Every structure is written in structure tokens, then in C-alpha cells.
Amino acid sequence: MKWHLGTEDAIQVVKKIDAAWAKDDYVQMRTYLADTAKFYFSDGRTATSADGFIEILKKDDEDSPESSWTTDYAYSVDLDPEGGGEHVQAGFTVTEVKDSLKVITKYHESYYIIEGKLVMWNSYDMNVKKD
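Residues numbered from 1 in each chain as written. Predicted model: local features only at pLDDT ≥ 70, side-chain atom pairs only at ≥ 80, totals over all residues. Heavy atoms only, no water.

Draft legend 1. Highlighting the overall build of the protein. In terms of helices and strands, the protein carries three helices and seven strands. Computed over its C-alpha atoms, the radius of gyration of the protein comes to 15 Å, within 12% of the 14 Å expected for a compact globule of 131 residues. Overall, the protein is about 50 × 30 × 25 Å in size when its C-alpha atoms are taken along their principal axes. The contacts of the protein with a sequence gap of at least 6 include a subset with a gap of at least 24, amounting to 49%. In the protein, the 15 positive side-chain charges and the 25 negative ones have mean positions that sit 3 Å from each other. (Helix = DSSP H or I, 4+ residues; strand = E, 2+ residues; numbered from the N terminus. Rg over C-alpha atoms; globule rule 2.2 N^0.38 Å. Contact = heavy atoms within 4.5 Å. Lys, Arg positive; Asp, Glu negative; His and termini not counted. Charge placed at Lys NZ, Arg CZ, Asp CG, Glu CD.)

In C-alpha cells, the structure reads:
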């Protein structure tokens, strides 16, 4: 198995999803999600459609504490440049306030992009600091 560098186009899809997510603009976000995409959250939740993913995000917005994040990195790799589909890896640092504690969590997310659409997303996290 050989990996190849991916394209900036796939990275831009991830950046556009992230920008829409940051603004809670689910209509815009939806334009980059395949209808039958699969989503795997770091806490074990899953969604088997774009609409299911957005519903989880909306619920999280209602239930979540104040939070913000920065993008730490994003890069794309490809198993077969002739076959389509790229694996974009992205990292984020999320800062939340929970019960008067500042919690910093590092996320690594894996996006599989085909023809400008997200078809699979996996999220992994690690708490790094609580003040």
C-alpha cells in the first residue's frame, strides 16, 4: 500500500465544513456532506446520514457549555490518485468552560472526501488540561 499527498481541494472542503460549523450554519455545512455519509464521534455516538449528523450537532449546541476552537493542522493523503477519494486528517484544540472549569481538549478528525463531499468522518479526543 502506498500513500500519496492529497490535494488542496479536499483540504478546502474540510475548512469549509469547519467554518460553517463554527457559525452553526448547518445549511451551508450540509452542502459538503454526502446524504449517506457515516459519522463516528469520539464518545461512541454515530450517525448514518448527513441529517442525523446535523441533528446531533444541534443537540450538542443546546446542551454544550461555552466553547471555542482553533485548527491546528490539516493535510490530505490519497491511496490511489487515479481512483478518487482523499483522506484529510485535521487537528483541533477545543476550549470549554464546564462547571467553572476551563477544559482543553485535543481532537484528531479523519475525513474521507469524494468529489467534494464528506462521506465518512471519525473523531478522536484527549483531554489535556483542566483548570
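Draft legend 2. Region of interest: the sheet that holds strand β5 (residues 86-98). Across the sheet, which stays open at both edges, the seven strands sit in the order β1-β4-β5-β6-β7-β2-β3 with mixed pairing between neighbours. Sheet topology places β1 (4-5) and β3 (46-47) at the edges, where each strand pairs with a single neighbour. Bridging between strand β2 (residues 33-40) and strand β7 (residues 117-130) involves four bridges; their strand directions are parallel. Within the sheet, the bridge partner assigned to Lys38 lies in β7 and is Met120. Its contacts with the sheet place helix α1 (residues 8-22) against β2, β4 (67-78), β5, β6 (101-114) and β7, and it is angled at close to 165° to β4. The strands that helix α3 (residues 50-63) touches are β2, β3 and β7; relative to β2, the one it contacts most, it runs at about 55°. (Pairing = 2+ DSSP bridges. Axes fitted to C-alpha atoms, helices over the stretch in contact; angles between N-to-C directions.)

Draft legend 3. Spotlight on α1. Taking 1.5 Å as the rise per residue, α1 with 15 residues should run 21 Å; its terminal C-alpha atoms sit 21 Å apart, in good agreement. Looking only at α1, the buried set comprises Ala10, Ile11, Val13, Val14, Ile17, Asp18, Ala20 and Trp21. With its phi angle positive at about 55°, Asp24 sits one or two positions after the end of α1. (Expected span 1.5 Å × (residues − 1). Buried < 20%, exposed > 50% of the residue type's maximum accessible area, 1.4 Å probe, protein only.)

Draft legend 4. Expanded view of α3. Over its 14 residues, α3 runs 20 Å from end to end, which matches the ideal 20 Å to within 8%, given 1.5 Å per residue. Regarding α3, the residues found buried are Ala50, Phe53, Ile54, Ile56 and Leu57. Along the axis of α3, the buried residues cluster in a sector spanning 155°; they form a single face. The exposed set on the far side of α3, more than 90 degrees from its buried face, consists of Glu62 and Asp63. Contacts from the buried residues of α3 go to α1, α2 (26-30), β2, β3 and β7. (Arc of directions from axis to C-beta.)

Draft legend 5. Region of the structure containing the pairing of β6. For β5 and β6, the ladder comprises 13 bridges, and the chain directions are antiparallel. Residue Phe92 lies in a different strand from β6, and its bridge partner there is Tyr107. Counting the residues that bridge the hairpin from β5 to β6 gives two residues, and of these Asp99 lies at a positive phi of roughly 50°.

Draft legend 6. View of the pattern of salt bridges. Under the criterion given, the structure shown has five salt bridges. The shortest N-O distance in the salt bridge between Asp60 and Arg45 comes to 2.8 Å. Of this pair, Asp60 sits in helix α3 while Arg45 is found in the loop between β2 and β3, placing the two residues 15 residues apart along the sequence. In this structure Arg45 comes out as partly exposed when scored by relative accessible area, which is 31%. When the shortest N-O distance is used, the salt bridge between Lys106 and Asp72 registers 3.7 Å. (Salt bridge = Lys/Arg side-chain N within 4 Å of Asp/Glu carboxyl O.)

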